[in-house]
Amino acid sequence: MSRRLRLFTVVPVLFAVLTGLTAAGPADASAAVKKKGVSAWNFPDVTGALADVRAGWFYTWASDRQQIRPPAGVEFVPMIWGAASVTDAQLNTARKEGTTLLGFNEPDLPAQANMSPARALDLWPRLQSTGMRLGAPAVAGGGDVAGGWLDQFMKGAAARHEKVDFIPLHWYGSDFRADAATGQLRGYLQAVYNRYKKPIWLTEYALIDFSHGTPRYPTQDQQAAFVTKSTAMLQGLPFVERYAWFTLSADRGGSGLYNRATPNKAGAAYRAAG
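Residue indices follow the written sequence of each chain, beginning from 1 at its first position. Two thresholds apply to this predicted model, a pLDDT of at least 70 for residue-level local features and 80 or more for giving and counting side-chain atom pairs, whereas whole-chain, interface and lining totals are computed over all residues. Side-chain calculation: all heavy atoms of the structure are included, whereas hydrogens and water are not.

A. The arrangement of the overall build of the chain in detail. Elements are defined by DSSP. Helices are runs of H or I of four residues or more, strands are runs of E of two residues or more, and each kind is numbered from the N terminus. From N to C terminus, the chain includes eight helices and twelve strands. Looking at the 274 residues of the chain, the share that counts as buried comes to 51%. When the accessible area of the chain is evaluated, it comes to approximately 12,100 Å², of which 55% is carbon and sulfur surface. In this scheme, a residue with accessible area under 20% of its type's maximum is buried, one over 50% is exposed, and one in between is partly exposed, where area comes from a 1.4 Å probe on protein chains only. Working definition of accessibility: Shrake-Rupley area with a 1.4 Å probe, residue cover restricted to the visible protein chains.

Have a look at this one:
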């Protein structure tokens, strides 16, 4: 989209971290971060909104924070947006800014990162050279389709022995009924997980109907109901490591959560989640 615990529980957790073993696999610094996050661009009172929404992490579609000053304890996750972002400067910035790196943004769309799986694979060793935990390119759709963009990339990465630690996904629902949309989202996430057996990060999602060219949005009540249903579902899915609503600010479109540091109905529902 946009460039668009008590003592008796602490001891075993500490042991797992030190030994690198957990029930889900190797220890991962991201595991300690709250699942709930947001995509964000810089806007007035963004720090206040980030604090109020109670997110554990955020990203900006860039390798840096875009001058956003997050509250203490809120993790920033850098991204290498497209082919032109694969530079020493941006890779070095990403390495300084975080420990996890998001790959290319919607490379399957001409208006976004716009590259073939082969081109992405050729560039991938540069991202891998950061030594960071690395998420696949985030496709706009079709992540579960055999022979689709993501499928070609993942097969190519396996053949080249290149690193992909988790799968970021985007999802936008055109059915504005909260229960139906939540079921559709869950089905998509499950299908992608079943295909690749890697952790999922849902890095953009909301109810927006793009089927008629001009985006159509639900009412605030509909969006808020979906926020409540979907976040409860996402919190309960063990293979979903993180999720991020599109987007924190309500100043560009009808799915944003905050006007400055004041939540709308969807924002209040998202604040209550997780």
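B. Quick look at the packing of helix α7 (residues 220-236) against helix α8 (residues 265-272). Orientation is described by axes fitted as lines to C-alpha atoms, over the contacting stretch for helices, and by angles from 0 to 180 degrees between their N-to-C directions. Look at α7 against α8: their axes get within 8 Å of each other, and the N-to-C directions meet at 15°. As judged from the angle between their axes, α7 and α8 are roughly parallel. Pair α7 / α8 crosses with right-handed handedness. In contact with Gln 220, Asp 221, Gln 223, Ala 224, Val 227, Thr 228 and Thr 231 of α7, α8 contributes Lys 265, Ala 266, Ala 269 and Tyr 270. Working rule for angles: under 35 degrees goes down as roughly parallel, over 145 as roughly antiparallel, 65 to 115 as roughly perpendicular, anything else as oblique. With the far helix as reference, a near helix turned anticlockwise by less than a right angle produces a left-handed crossing, and one turned clockwise produces a right-handed crossing. Pairs of residues are marked as contacts when any of their non-hydrogen atoms sit within 4.5 Å.

C. Spotlight on the nonpolar core. We define a nonpolar core as any set of buried Ala, Val, Leu, Ile, Met, Phe, Trp, Tyr and Cys residues linked to one another through side-chain atoms lying within 4.5 Å. With 83 residues, the main nonpolar core has Phe 104, Phe 153, Leu 189 and Leu 248 as its most contacted residues. Ranked by residues supplied to this core, first place goes to helix α6 (residues 178-196) with seven residues. Look past the residues within four positions of Leu 189 in its chain and what remains in contact with it is Leu 169, Ile 200, Leu 202, Leu 234, Leu 237, Phe 239 and Val 240.

D. A look at the packing of α6 against α7. Between α6 and α7, the shortest axis-to-axis distance is 9 Å and the interhelical angle comes to 35°. Considering only the axes of α6 and α7, their crossing is right-handed. Taken together, the residues of α7 that come into contact with α6 (itself represented by Ala 178, Asp 179, Ala 181, Thr 182, Leu 185, Arg 186 and Leu 189) are Ala 225, Phe 226, Lys 229, Ser 230, Met 233 and Leu 234. Residue type decides the class: Asp, Glu, Lys and Arg count as charged, Ala, Val, Leu, Ile, Met, Phe, Trp, Tyr, Cys and Pro as nonpolar, and the leftover types, Gly among them, as polar. Per-class residue counts for the contact of α6 with α7 are eight nonpolar, two polar and three charged.

E. Region of the structure containing α6. One fewer than the residue count of a helix, multiplied by 1.5 Å, yields its expected span. With 19 residues, α6 should reach 27 Å at 1.5 Å per residue; the first-to-last C-alpha distance of 27 Å fits that figure. For α6, the full list of buried residues reads Ala 178, Ala 181, Thr 182, Leu 185, Tyr 188, Leu 189, Val 192 and Tyr 196. One side of α6 holds all its buried residues, which, seen down the axis, span an arc of 125°. Two residues or fewer past α6, Lys 197 is found with a positive phi of approximately 55°. It is the directions from the helix axis to the C-beta atoms whose arc is reported.

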